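# Report on the structure
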Amino acid sequence: QFCSKYAEDVTALLEERKEQVFTDPLPPVTASTATENEVYAARTIWKEDRAVVQARRAAYATNKNAIRNVVLGQCDEAMMSKLEEDLEWTSRNMELLYVLDTAQ
């Protein structure tokens, strides 16, 4: 489905006009007094958090590409010619914000 996962990330991109940054969580630092179960729990939570960040990062890229394709699909021949005439088109035509800004 179109932007069905983590749509809020791409919504923030469109509203704020800046790329979202997904920071990987730092591995847990456990006290020397931590029990084996506490260490295991901390590492498990860290791995889950890291998996969520990776999933959000992947969904963000997929969602941006889907929106870019919809925008370009709505462009008529004259608009596509305008876009292709832009000096940066060849190197930046995969960037959603660039496409949106250039099409305006």
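No experiment lies behind these values; they were computed from the predicted model shown. (Residues numbered from 1 in each chain as written. Predicted model: local features only at pLDDT ≥ 70, side-chain atom pairs only at ≥ 80, totals over all residues. Heavy atoms only, no water.)

## Some details on the environment of Val21
- By the element assignment, Val21 lies in the loop between α1 (7-16) and α2 (36-73).
- When its relative accessible area of 69% is taken as the criterion, Val21 is described as exposed.
- Sequence separation of Val21 and Asp9 is 12 residues, and the distance between their C-alpha atoms is 9.5 Å. (Helix = DSSP H or I, 4+ residues; strand = E, 2+ residues; numbered from the N terminus. Buried < 20%, exposed > 50% of the residue type's maximum accessible area, 1.4 Å probe, protein only.)

## Observations regarding the pattern of salt bridges
- This structure, assessed with the given rule, holds 6 salt bridges.
- The closest approach of N and O atoms between Glu19 and Lys64, which form a salt bridge, is 2.9 Å. Taken together, the positions of Glu19 in the loop between α1 and α2 and Lys64 in helix α2 put the pair 45 residues apart, joining distant regions of the chain.
- One salt bridge connects Glu95 with Arg92, and the closest N-O pair in it is separated by 2.9 Å.
- Judged by its relative accessible area of 27%, Arg92 falls in the partly exposed class. (Salt bridge = Lys/Arg side-chain N within 4 Å of Asp/Glu carboxyl O.)

## Overview of the nonpolar core
- Judged by nonpolar contacts, Cys3, Val10, Leu13, Phe22, Val53, Tyr60, Ile67, Leu96, Leu97 and Leu100 together constitute the single largest core of 10 residues.
- Look past the residues within four positions of Val53 in its chain and what remains in contact with it is Phe22, Thr23, Asp24 and Pro25. (Core = buried A, V, L, I, M, F, W, Y, C linked by side-chain atoms within 4.5 Å. Contact = heavy atoms within 4.5 Å.)

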